[in-house]
Amino acid sequence: MPTFKIPTAISFSGCGFIGVYHIGLVRCLQIYGKQVIPHITKYGGASAGSLAAAVFAICPHKVLECKKLVYDLGEQVRKTRFGALNTGFNLSEHVEKLVDSVLPADAHELANDRVFISVTRKSCGKNFIISRYESRSELIQCLVSSSHIPFYSGSKYPIFRGEKYYDGGFTDNLIDFKKEETIYVTPFAGGQTYICPDDPITSFNYTVKNQNFCLNINNLARGFDALRPPSSKALETYYEQGFVDGLRYLAKLSKGNSSVFELPFGNVNPRTRDILLNSVANSRFRPTRSRASTKVSNSSQVSVRYKRKRSLKGKVENKDQVQKTEALI
């Protein structure tokens, strides 16, 4: 009997600039989890995760455009003295422009009762989950509010429905749809039921604002990258990590039912396919391009070589092992 449980909701954590991890996961679902997407009816997120949720729910065809926009914004921050902390640089204004350039005119209508955004009200410090929007501009302000880190993103708090709000990650960084079969996504290792980097398990786990974290050097490095964006090549590694972790998630769901989605293993017999599914589901693998065997054919089938390796600070240690994820498209 199939072991596949159909998810009906997805929740993205707050994570700053390494939110490109979310884009990698979304792209993986678009290519290999097409049978999963139609069942998802609720998209939740906090901070950068709210942006990923909105794009996935409203204009999923623009995910790669959003990736480029994030890379460009990261480049702007890196070139600015003191980064986002520069008093002449208002990160929230740049986020608003980014969102405004991507969302369609009827974005608020497409988001109603589908996109759930975590925000924190300044006056009381309480968390609110917003899922209804009167206009496109109101949706944009809600997204900007959810992504606003006090003093870091700008000196003025965003105004949403007449109140000052700030980053929802301060009070609920990973929305829990308790009555839904939910996909939880975060670039920080920790939760055993999350789509996240597969760091070695340690006893130093803790829960902060509804999200479980593993206390290790990799997560500390990811936290630094979230606030001080690394190079575009490093951001590409986070994107690829999200893509590969998405493959591992789908493989786990599909063990015993490999027809649920199409992994990039080409034409192999069922027994070999089951072995590959089991390997991807239970191991720490990174995709790597084989000069001899990686080839995209006219039928869009891809042969991928996987190599076991340990991740350091969430980045690929050998540049030759970085696989351009677009090769899988």
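The rules we used
- Residues numbered from 1 in each chain as written.
- Predicted model: local features only at pLDDT ≥ 70, side-chain atom pairs only at ≥ 80, totals over all residues.
- Heavy atoms only, no water.
- Helix = DSSP H or I, 4+ residues; strand = E, 2+ residues; numbered from the N terminus.
- Polar contact = N/O pair within 3.5 Å; in protein donor to acceptor, adjacent residues only side chain to side chain.
- pLDDT = per-residue confidence, 0-100.
- Contact = heavy atoms within 4.5 Å.
- Buried < 20%, exposed > 50% of the residue type's maximum accessible area, 1.4 Å probe, protein only.
- Axes fitted to C-alpha atoms, helices over the stretch in contact; angles between N-to-C directions.
- Parallel < 35°, antiparallel > 145°, perpendicular 65-115°, else oblique.
- Left-handed = near helix turned anticlockwise from the far one by under 90°.
- Nonpolar A, V, L, I, M, F, W, Y, C, P; charged D, E, K, R; others polar.

(A) Quick peek at the side chain of N112. One can find N112 in the loop between α5 (107–111) and β3 (115–121). Of note is the side chain of N112, whose polar atom sits 2.7 Å from the backbone nitrogen of Y133.

(B) Structural detail: the confidence of the model for the chain. Per-residue confidence for the chain gives a mean pLDDT of 82, with 76% of residues at or over 70. Under a pLDDT of 50 for its full length, residues 284–329 has, in the predicted model, 99 contacts with residues more than four places off or in other chains.

(C) Layout of the side chain of Q30. Along the chain, Q30 turns up in helix α1 (residues 20–32). Residue Q30 is classed as buried on the basis of its relative accessible area of 15%. A distance of 2.8 Å separates polar atoms of two side chains, one belonging to Q30 and the other to R27. Those residues in contact with Q30 that lie beyond four places of it in its chain are I37, P60, H61 and V63.

(D) Structural view of the packing of α1 against helix α8 (residues 232–254). Where α1 contacts α8, the two axes come as close as 7 Å, and the packing angle between them is 45 degrees. Considering the angle they form, α1 stands oblique to α8. Judged by the sense of rotation from one axis to the other, the crossing of α1 with α8 is right-handed. Residues V20, Y21, I23, G24, L25, R27, C28, L29, I31 and Y32 of α1 touch α8, and the partners they reach there are L235, Y238, Y239, Q241, G242, F243, D245, G246, L247 and L250. Split into classes, the residues belonging to the contact of α1 with α8 amount to 14 nonpolar, 4 polar and 2 charged.

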